[in-house]
Amino acid sequence: MKTNRVNEMMATMKSFSKDKYQKNELLTEMFALQQEIVGLTFNGDHASTADLKIWDVERHLEQLNQDCGNVADEELQRFKEGSKILCNLIKAEISGNRGEAKAFRTLQYIHSKNIILKNVEISDGDRRTELDAVVITPGVVTIVEVKNTAKNIFIDENGGYYRTGEYLRWDCNIAEKMALKEELLKKVLADDGIEDVQIRSIVVFTDNRIEVHNKYSRIRTCFVSQLAYIIDGFKSSTNMSEEEMEHIEGLIKEAECKEAYPFDFDVAQYKMDFATLMAVLEEASAKAEEPEYEQEVVNEKKSVWTVLKNAFTSRYAGYAGSAAAAAAVTFISTVAISAIRKGGVMR
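As the structure is a computational prediction, the values presented were derived from the model and not from experiment.

Next up on the list: the confidence of the model for the protein. Fine structural detail should not be taken from predicted coordinates in areas where pLDDT scores are low. Chain-level pLDDT for the protein is 86 on average; 81% of the residues reach the 70-or-more range. Considering only residues more than four positions removed or in separate chains, one finds that residues 343-347, a stretch of pLDDT under 50, has 7 contacts.

Printed below as a string of structure tokens:
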């Protein structure tokens, strides 16, 4: 029975039905998965589940597991581990989108003639990268890398990118990351014979309350409030015409390759862990209710028998000891108990 229930729940979850996804599809799918988990957990018990999240599911199932005598500790732990990863992925995607939106709004304040391309994905066949924004101005093509973090940042002499706090937490080598972006963008232009356009890079931080210590001189860092001003300040010995800027825009768009990739999270296993946990808890809940139900029926049967017996003995006192009266009481009591079992119509 438990296997059937697991399969039944798995069949109802339709999110992440494809093998590969583009980056802009992931958040929608993760929200869909979250809502499926919420819906199966609360099963209409709440007037609206729209505002419930994965952590609400965790708390509910933890309590249910305690109520059932901790019968699903292992299953609950597996589900919680998967939920932590999923929630972090959702938070990272939301944070990244918010940071990019904030930076994109700031780019509107550039005074120079400009063309702005957002979320550009390019590849040379073996390597690929995403440029959060490419800003084309008469003198320079600027690559903008957006960081939306609340942690202080330290960039060492070799380009190592660290989040700071009680400990340094290494994130990536930002120097190598930005070098790849510049290299692939230069190749797009060089393939068309354009090699004299200057390419600059900026790593922009959207939270101006943090501290950023940058010891890598080849990367420019700034806060979002400074972004437009810095791009306006980039100068070159030669300026491009509007037609040349539009030509570069066309080359970049033509080179774009928005490919789909497998989601870096085992969704199938996560769904299985959730369905197994739910099936175990449902089964345990049903078993826990059986003794209470049986005792309730016994008590009701005694009450019905007493009432009927008293009624018959008081009204038909002269026949109370007869076999016919006893049979009548037994028959009516049985019918009453049956009715109680089917719906409690006599309560």
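A separate point is the pairing of strand β1 (residues 115-123). Bridge count for β1 against strand β2 (residues 128-136) is 8 bridges, and the pairing is antiparallel. Counterpart to Ile116 in the pairing with β2 is Val135. The antiparallel hairpin formed by β1 and β2 contains 4 residues in its connecting segment, where Gly125 sits at a positive phi of about 105°.

Here we come to unusual backbone geometry. With phi around 50°, Phe16 is a residue other than glycine that occupies positive phi space. Summarising the element assignment, Phe16 is placed in the loop between α1 (2-12) and α2 (26-42). At Asn70, a residue that is not glycine, the phi angle is positive and equals roughly 55°. Counting through the fold element by element, Asn70 comes out in the loop between α3 (54-67) and α4 (73-107).

Here the structure, examined in full by the defined rule, presents 20 salt bridges. Between Arg5 and Glu282 there is a salt bridge, with its nearest N and O atoms 2.7 Å apart. In this pair, Arg5 is assigned in helix α1 and Glu282 in helix α8 (residues 267-315), connecting sequence segments 277 residues apart. Judged by its relative accessible area of 23%, Arg5 is partly exposed. Residue Glu282 is classed as partly exposed on the basis of its relative accessible area, which comes to 30%. Between Asp191 and Lys187 there is a salt bridge, with the nearest N and O atoms lying 3.2 Å from each other. Residue classification places Lys187 among the partly exposed positions, given a relative accessible area of 39%. Salt bridges linked by common partners bring Glu145, Lys147, Lys177 and Lys181 together as one network.

Let us look at the layout of surface pockets. Of the voids in this model, the largest pocket is the one considered here, and its volume is about 1,300 Å³. Looking at the largest pocket, it is lined by 35 residues, and the ones nearest its centre are Lys23, Ala92, Glu93, Gly96 and Lys177. Broken down by secondary-structure element, the contributors of at least two residues to the lining of the largest pocket are α2, α4, β2, β3 (140-147), β5 (160-164) and α5 (174-190). Per element, the largest residue contribution to the lining of the largest pocket is 9 residues, and it comes from α4. When the residues that make up the lining of the largest pocket are grouped by side-chain class, the tally is 11 nonpolar, 8 polar and 16 charged.

For the rest of this paragraph, the subject is the packing of α2 against α3. α3 packs onto α2 with a crossing angle of 30° between their chain directions and a minimal axis gap of 9 Å. Considering the angle they form, α2 stands roughly parallel to α3. Our pair here, α2 against α3, has a crossing hand that is left-handed. Two secondary-structure elements touch here, α2 through Gln34, Ile37, Val38, Thr41 and Phe42 and α3 through Ile54, Asp56, Val57, His60 and Leu61.

Turning to the sheet that holds β2, a few remarks are in order. Spatial ordering of the open sheet is given by β1-β2-β3-β7-β9, a layout of 5 strands whose pairing is mixed. Of all the strands in the sheet, the pair left with one neighbour each is β1 and β9 (220-223). Neighbouring strand axes in the sheet, compared pairwise and without regard to direction, differ in orientation by 35° on average. Pairing of strand β7 (residues 198-205) with β9 involves 4 bridges; the strand directions are parallel. What sits directly across from Val203, in β9, is Thr221. Running over the sheet, α5 touches β1, β2, β3 and β7 and is turned about 145° from β3. With respect to the sheet, helix α7 (residues 242-255) is in contact with β1 and β2, its orientation differing from that of β1 by roughly 35°.

Conventions adopted
- Residues numbered from 1 in each chain as written.
- Predicted model: local features only at pLDDT ≥ 70, side-chain atom pairs only at ≥ 80, totals over all residues.
- Heavy atoms only, no water.
- pLDDT = per-residue confidence, 0-100.
- Contact = heavy atoms within 4.5 Å.
- Pairing = 2+ DSSP bridges.
- Helix = DSSP H or I, 4+ residues; strand = E, 2+ residues; numbered from the N terminus.
- Salt bridge = Lys/Arg side-chain N within 4 Å of Asp/Glu carboxyl O.
- Buried < 20%, exposed > 50% of the residue type's maximum accessible area, 1.4 Å probe, protein only.
- 1 Å grid on protein atoms, 1.4 Å probe; cavity = no way out; pocket = protein on both sides within 12 Å on 5 of 7 lines; lining within 4 Å.
- Points joined across faces, edges and corners; volume = space filled by probe spheres on them.
- Nonpolar A, V, L, I, M, F, W, Y, C, P; charged D, E, K, R; others polar.
- Axes fitted to C-alpha atoms, helices over the stretch in contact; angles between N-to-C directions.
- Parallel < 35°, antiparallel > 145°, perpendicular 65-115°, else oblique.
- Left-handed = near helix turned anticlockwise from the far one by under 90°.

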